[in-house]
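Architecture and fold: a report
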Amino acid sequence: MNFDTTLPEEDLGLFDTIDIFEKEFEKTIEVSGRIANATQELGKKIEERTAENNLLINKKPPDNGFSALRKFISKAAEDMNFFVKEMEKEIPLFAYHNENGMNAYIKAMEIATEFPLGEDDINTMIEARKAINYLSSVLNGVENQMEEFKISVDSLPKITSELT
């Protein structure tokens, strides 16, 4: 449980760990939002590329043949590569902040059992619990978007090495 703090872990008190949890949770939500936005943006790009593809296929005879198709595939691959690069930055950040936040929350729960809590302390813990529930719902949404994206990518034919 290496929290991002200047105090040694054994010196952390209840409010210290709650503060760490809240800060890490905020950062986790920020990263989750960026992941969700990037996923939605990629979904829009895929829809655009699908429409472009349908136009190419429906042209009789197709203009520029393979050249137009290759250009389309190159744009689709570029969209996906951009998304992958974004995820390579965001996923480690998400994992780091999520782990620190959850560890701080667990530590806070352990410390809380050592003394009676006042009403303000209980309210703080209730708010922390609500925050965890919210985070869970955000993560479920992102997970669903990622799963949908994976399914759509898996269904693509292996046309070029760039796209594959």
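Parameters at a glance
Residues numbered from 1 in each chain as written. Predicted model: local features only at pLDDT ≥ 70, side-chain atom pairs only at ≥ 80, totals over all residues. Heavy atoms only, no water. Salt bridge = Lys/Arg side-chain N within 4 Å of Asp/Glu carboxyl O. Helix = DSSP H or I, 4+ residues; strand = E, 2+ residues; numbered from the N terminus. Buried < 20%, exposed > 50% of the residue type's maximum accessible area, 1.4 Å probe, protein only. Core = buried A, V, L, I, M, F, W, Y, C linked by side-chain atoms within 4.5 Å. Contact = heavy atoms within 4.5 Å. Phe/Tyr/Trp six-rings, centres within 6.5 Å; stacked < 30°, edge-to-face > 60°.

1. As for the pattern of salt bridges
- Within this structure, the stated rule accounts for two salt bridges.
- Residue E90 is joined to R34 by a salt bridge in which the shortest nitrogen-to-oxygen separation is 2.8 Å. Linking E90 in helix 2 (residues 65–112) with R34 in helix 1 (residues 14–58), this pair joins segments that are 56 residues apart in sequence.
- The class for E90 is buried, based on a relative accessible area of 7%.

2. Here we look at the nonpolar core
- Among the nonpolar cores identified, the biggest contains nine residues, and these are L12, I20, F21, F25, A104, Y105, A128, A131 and I132.
- Those elements that provide at least two residues to this core are helix 1, helix 2 and helix 3 (119–154).
- If we ignore the near neighbours within four places in the chain, the residues touching I132 are F21, F25, M102 and Y105.
- In terms of nonpolar packing, the next biggest core, distinct from the first, is built from eight residues, V31, L42, M87 and F94 among them.

3. A look at the packing of aromatic side chains
- Scanning the entire structure with this criterion turns up two aromatic pairs.
- Look at F21 and F25: their rings are 5.8 Å apart centre to centre, the planes differ by 25 degrees, and that puts the pair in the stacked class. One end of the pair, F21, and the other, F25, are both in helix 1, four residues apart, so they sit about a helical turn from each other.
- Relative to Y105, the ring of F21 lies with its centre 5.2 Å away and its plane at 45 degrees, an arrangement referred to as tilted. Separated by 84 residues along the polypeptide, F21 in helix 1 and Y105 in helix 2 bring together distant segments of the chain. Like Y105, F21 is buried.
- Of the aromatic side chains, those joined through ring pairs into one cluster are F21, F25 and Y105.

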